[in-house]
Amino acid sequence: MANQIEKFKIYVELLDEVYKQASCTAILDGDPKLAREGANADEMIIPKIDMDGLADYDRANGYLAGVVKLINETVKCNFDRGRKFTVDAIDDIDTTGLAFGRLASEFIRTKVVPELDAFRIASYCKDAAATVTTGAIADGTAAIKAIAAKYDAMTDAEVPEENRVLFVSPTVYGLIRDLDTTKSKEVMGQFAAIQKVPASRFYTAIEQLDGKTSGQEAGGFKQATAGKALDFLIVEKSAVIQFQKRNVNKAISPDQNQDADGWQFNFREVGIADTYENKLVGIAGQFHE
């Protein structure tokens, strides 16, 4: 039994790579060294900095003192979801480790990651509603024009250019790719990264299903009634607060399982997808009706 648990631990260590490869938004993950565990299970401590601007230099008295504020702000995690699965003990014990690996990786890839991506994108759109606007994209030229307009508006608002990420629907990306002009290459080449996002997770708002209400037993998420389909979203990385606080993937043996004679696999994901209120100009996009 101990050998099986060790196998599970090895599989769990590999799941982080599954997440990184499957997630469209992992590129926005903050440095875990910048965030600390909060006093409560659903809290994280995020550093924020603010300071005074320049003042006149006084030749007689020298420099005027300025104020710098480095605040460790406690924020609540807004993503806390989980599931458990049971594999009957009568199944070959030697294949349980392989079954767990396949179950875990498939669950992360097809269920956890799509919902995480959709939740993060919708959260950023909600906070930056003023700069995520409606529009129509009929062809590649219109797509480039719309993206360039949002990019230029960010530059005018003094948003740093080096860490801007373009999230774009495969349809719009295809229109731009087929355009294949100097102008389109110039606009697209300004981004630090370009990430295509499947339409099924690219909405301005989503509804998370609770897993217990009638009709919601399968869990997961869906486009909210008020949610709109996005064409593209530009995010400057420092504008968002994106961390994973707790990723739990554990196995409980049949001997320890109080509910059934089988292996129980538990999954829980806790994290935060939020924005800095003074950096909302670093998020902009377009959706269609």
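Treat the numbers as computed from the prediction; the structure is a model and nothing was measured. (Residues numbered from 1 in each chain as written. Predicted model: local features only at pLDDT ≥ 70, side-chain atom pairs only at ≥ 80, totals over all residues. Heavy atoms only, no water.)

Asks: When you look at the packing of aromatic side chains in this model, what are you seeing that I'm missing?
Replies: Working definition: an aromatic ring pair is given by the centre-to-centre distance plus the angle between the planes. Counting across every chain of the model gives six aromatic pairs. With 5.2 Å between their ring centres and 75 degrees between their planes, Phe85 and Phe107 make a pair best called edge-to-face. In this pair, Phe85 is assigned in strand β4 (residues 79–88) and Phe107 in helix α2 (residues 93–127), connecting sequence segments 22 residues apart. For Phe107, a relative accessible area of 13% puts it in the buried group. Ring centres of Phe107 and Phe267 lie 4.8 Å apart, and the angle between their planes is 50 degrees; this geometry places the pair in the tilted category. Of this pair, Phe107 sits in helix α2 while Phe267 is found in strand β12 (residues 262–275), placing the two residues 160 residues apart along the sequence. Neither residue differs from the other here; Phe107 and Phe267 are each classed as buried. (Phe/Tyr/Trp six-rings, centres within 6.5 Å; stacked < 30°, edge-to-face > 60°. Helix = DSSP H or I, 4+ residues; strand = E, 2+ residues; numbered from the N terminus. Buried < 20%, exposed > 50% of the residue type's maximum accessible area, 1.4 Å probe, protein only.)

Asks: Whenever I open this one, the pattern of salt bridges confuses me. Can you help?
Replies: For side chains of opposite charge, pairing can occur when their charged atoms come near one another. All chains considered together, the criterion is met by 10 salt bridges. Between Asp29 and Arg120 there is a salt bridge, with the nearest N and O atoms lying 3.7 Å from each other. Within this pair, whereas Asp29 is found in the loop between α1 (2–22) and β1 (36–37), its partner Arg120 is found in helix α2, the two being separated by 91 residues in sequence. Pair check on accessibility: Asp29 and Arg120 agree, each one buried. Between Asp180 and Lys185 there is a salt bridge, with the nearest N and O atoms lying 3.3 Å from each other. Residue classification places Lys185 among the exposed residues on the basis of a relative accessible area of 54%. (Salt bridge = Lys/Arg side-chain N within 4 Å of Asp/Glu carboxyl O.)

Asks: Whenever I open this one, the pairing of strand β13 (residues 283–288) confuses me. Can you help?
Replies: Every regular strand shows the same layout, with side chains that alternate between the two sheet faces. Counting buried positions over the six residues of β13 gives five, a clear majority of the element. Direction of pairing for strand β5 (residues 132–134) relative to β13: parallel, over a ladder of three bridges. In the strand pairing of β13, Thr133 is matched with Gln286. Across six bridges, the pairing between strand β10 (residues 229–236) and β13 is antiparallel. Among the inter-strand pairings, Val235 is bridged to a residue of β13, identified as Ile283. (Pairing = 2+ DSSP bridges.)

Asks: Looking at this model, I keep getting lost on unusual backbone geometry. Mind explaining?
Replies: Glycine aside, a negative phi is what most residues show, and trans is what most peptide bonds show. The phi torsion at Glu158 lies on the positive side, around 65 degrees, for a residue other than glycine. Structurally, the position occupied by Glu158 is in the loop between α3 (140–156) and β6 (164–168). By relative accessible area, Glu158 is classed as exposed at 72%. Phi at Asp180 takes a positive value of approximately 45 degrees, unusual for a residue other than glycine. Here Asp180 is to be found in the loop between α4 (170–179) and α5 (182–188).

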